[in-house]
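One letter stands for each residue in the lines below.
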Amino acid sequence: MLNPEQEAVANHFTGPALVIAGPGSGKTRTVVHRIARLIRKGVDPETVTAVTFTKKAAGEMRERLVHLVGEETATKVFTATFHSLAYHVLKDTGTVRVLPAEQARKLIGEILEDLQAPKKLTAKVAQGAFSRVKNSGGGRRELIALYTDFSPYIERAWDAYEAYKEEKRLLDFDDLLHQAVHELSTDIDLQARWQHRARFLIVDEYQDTNLVQFNLLRLLLTPEENLMAVGDPNQAIYAWRGADFRLILEFKKHFPNATVYKLHTNYRSHNGIVTAAKKVITHNTQREDLDLKALRNGDLPTLVQAQSREDEALAVAEVVKRHLDQGTPPEEIAILLRSLAYSRPIEATLRRYRIPYTIVGGLSFWNRKEVQLYLHLLQAASGNPESTVEVLASLVPGMGPKKARKALETGKYPKEAEEALQLLQDLRAYTGERGEHLASAVQNTLHRHRKTLWPYLLELADGIEEAAWDRWANLEEAVSTLFAFAHHTPEGDLDTYLADILLQEEDPEDSGDGVKIMTLHASKGLEFAVVLLPFLVEGAFPSWRSAQNPATLEEERRLFYVGLTRAKEHAYLSYHLVGERGATSPSRFARETPANLIHYNPTIGYQGKETDTLSKLAELF
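Residues numbered from 1 in each chain as written. Predicted model: local features only at pLDDT ≥ 70, side-chain atom pairs only at ≥ 80, totals over all residues. Heavy atoms only, no water.

With that settled, consider the confidence of the model for the chain. Taken over all residues, the pLDDT of the chain has a mean of 90, while the share at 70 or more is 96%. Mean pLDDT across the elements of the chain ranges from a minimum in helix H29 (residues 611-620), with 59, to a maximum in strand E13 (residues 528-533), with 98. Every residue in residues 505-511 is under pLDDT 50, and counting partners more than four places away or in other chains gives 13 contacts. (pLDDT = per-residue confidence, 0-100. Helix = DSSP H or I, 4+ residues; strand = E, 2+ residues; numbered from the N terminus. Contact = heavy atoms within 4.5 Å.)

Listed below in structure tokens is the structure:
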């Protein structure tokens, strides 16, 4: 059964349509029913095309369609991702020769070597840069503007790489969309065939489309403009990947005759969570005013105030334990973070309470490559030769472990190793320091040498600057453990700190099912009975960099909105008043969200709604 809002969408026949689908509103079910009804009205299933952003989403749509129209009919509907659609368009013109990503990286590496480019400009960094620029609809000029530090080598590599592909008639993954647009705009017969194949075109997650994808869609439309775009501008969180959510906000401008439908009913969350989410998103100037409605009542989110970050992490673990004790399955509990850089204290407290957990889409904190580099830097400074080899192999382009070991034995280093060696020398100068002096010295040294570390972080991030900053945040989080160590062990030296960390690292890794720890981006499309959003302090979420720009600040708020609306029954927000470097300020997102405030006292622990009362009683005694 569909509700009246969904029925209207499912019954839409011809002409452009925009479906604003709020979180938990059943959009996939509605879209699949619309396809089924088109077929029942006599529409040839081979003229229906549905585009999604992931193979998983395409597969789910196909499976649901099978249940409604049968497998034989469902398989005639073309369900694909944007890149798969582009590939099939190009295949219709003849043979498509796709250059695999690994081969492309090897080729770019050879080009950079021929150009005698700086070793910091690795093949992985260049490939990531090319991809980012193409996905945002840019070209050579935009590449130079974004990567001025690598000019003129990066644009020369671009020229050589593009020339090679053209000569060999090869396309890499990012070329597919551009080439499909080109072929459709220049081949009338090809365009006619695909306009017939996509006479009824449905696009899911339309708020995540970019300009290249939009141009592809326009070329597939017949004069009827039977495009149904489904999405929610309030959940647009991928601008850093080239998405332009203005395309959904300006849909009526692009298609003046479009019918606009709104799916207001949230089947996932109760009224308390929906009310809070609606309130916080009103602080965005660029938004869709969707009057979300819940079908059941419930409490507003709980806002937990803790004194320190360690206390906040304890509160998170105790909230989780309380729900587990009350029978909530661990896989129905999610801890959503702005970045996995903030997972370390959460992981530590979950281990303390022996709560199984799974890091979704990432490694546990101490196993991340940049964090391992941090440990190797300190161990190398402390005199460990194997760690020195690891540092040189990581930071000096072209120097693998064998060359690094030989250089260490002979004392003969290439010129490219100068910066890494200087970093190690600067760290060694402070190995005799203790406590906070040691922590500050390490922190300041890493900050001074960020340019030395940055190419490695950028390579780990596949050339995406936003992701490289997340890697840097992991390094800063690692340094914060040194400040925490200094606080508890004022006279502690470097060797004691390293022993403390490495012994902690020997704990067995949690695996399999358990409480989920993931980024807010990874939570998109998921739902959980219990959702926790910790570390809501200014500078962390939103980050200082995002807060400086109105556009990025609003995207951060949309990301918070996405996280909050993952919750079905319980939502917990939390922040701390004092960090390792002094007083903090609660995130504006926490302040903007209607919530029930609880003051957490680690002596009392989390006791549900009675926490505040019990904490006040404890203060009296």
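Having seen the structure, we can now continue with the description.
In spatial order, the strands read E3-E2-E4-E5-E1-E6; together these 6 strands make up an open sheet with parallel pairing. Of all the strands in the sheet, the pair left with one neighbour each is strand E3 (78-81) and strand E6 (259-263). Each strand of the sheet is rotated relative to its neighbour by a mean of 15 degrees, with strand direction disregarded. As paired elements, strand E1 (residues 17-21) and strand E5 (residues 227-231) share 4 bridges and run parallel to each other. Bridging across to E5, leucine 18 finds its partner in alanine 229. With respect to the sheet, helix H2 (residues 27-40) is in contact with E1, strand E2 (48-52), strand E4 (200-203), E5 and E6, its orientation differing from that of E4 by roughly 175 degrees. (Pairing = 2+ DSSP bridges. Axes fitted to C-alpha atoms, helices over the stretch in contact; angles between N-to-C directions.)

So, on to the side chain of aspartate 311. For aspartate 311, the position within the fold is in helix H16 (residues 309-325). Despite its burial, aspartate 311 pairs with no opposite charge, the nearest such side chain being arginine 352 at 7.9 Å. (Buried < 20%, exposed > 50% of the residue type's maximum accessible area, 1.4 Å probe, protein only. Lys, Arg positive; Asp, Glu negative; His and termini not counted. Salt bridge = Lys/Arg side-chain N within 4 Å of Asp/Glu carboxyl O.)

The subject of this paragraph is the environment of glutamate 476. The topology assignment puts glutamate 476 in helix H24 (residues 465-488). Of the residues examined, glutamate 476 reaches a relative accessible area of 26% and is grouped as partly exposed. Distance from glutamate 476 to leucine 577, taken between C-alpha atoms, is 19 Å for residues 101 residues apart in sequence. Once residues within four sequence positions are removed from consideration, glutamate 476 is found in contact with His447 and Arg581.

Bringing the nonpolar core into the picture now. Grouped together as the largest cluster of nonpolar side chains are 101 residues, with contacts concentrated most on Leu201, Tyr206, Ile335, Ile517, Leu532 and Phe560. At 7 residues, the largest contribution of residues to this core is made by H16. Two domains each donate at least three residues to this core, and these are domain 1 (4-93 + 177-263) and domain 3 (293-362 + 510-616). With sequence-adjacent residues up to four places away left out, leucine 532 is seen in contact with Val316, Val319, Val320, Ile333, Ala334, Ile335, Leu336 and Tyr572. (Core = buried A, V, L, I, M, F, W, Y, C linked by side-chain atoms within 4.5 Å. Domains from an automatic or database assignment.)

Pairs can form between side chains of opposite charge whenever their charged atoms are close. Tallying each qualifying case throughout the model produces 34 salt bridges. Lysine 134 is paired through a salt bridge with glutamate 162; the nearest N and O atoms lie 2.9 Å apart. Taken as a pair, lysine 134 in helix H7 (residues 123-135) and glutamate 162 in helix H9 (residues 153-168) lie far apart in primary sequence, 28 residues in all. Using a relative accessible area of 5% as the deciding quantity, one classes lysine 134 as buried. When the shortest N-O distance is used, the salt bridge between glutamate 477 and arginine 344 registers 3.1 Å. Residue glutamate 477 is found in helix H24, and its partner arginine 344 is found in helix H17 (residues 343-352); the two are separated by 133 residues along the sequence. Across this residue pair, the class does not change: glutamate 477 and arginine 344 are buried. Through salt bridges that share partners, Lys27, Asp204, Glu205, Asp208 and Lys524 make up one connected network.

Our focus in this paragraph is the packing of H7 against H9. Across the interface, H7 lies against H9 with an axial gap of 11 Å and an inter-helix angle of 75 degrees. The orientation of H7 with respect to H9, classified from their angle, is roughly perpendicular. Facing Ala129, Phe130, Val133 and Lys134 of H7, the residues of H9 in contact are Ile154, Ala157, Trp158, Tyr161, Glu162 and Lys165. Broken down by class, the residue content of the contact of H7 with H9 amounts to 7 nonpolar, no polar and 3 charged. (Parallel < 35°, antiparallel > 145°, perpendicular 65-115°, else oblique. Nonpolar A, V, L, I, M, F, W, Y, C, P; charged D, E, K, R; others polar.)

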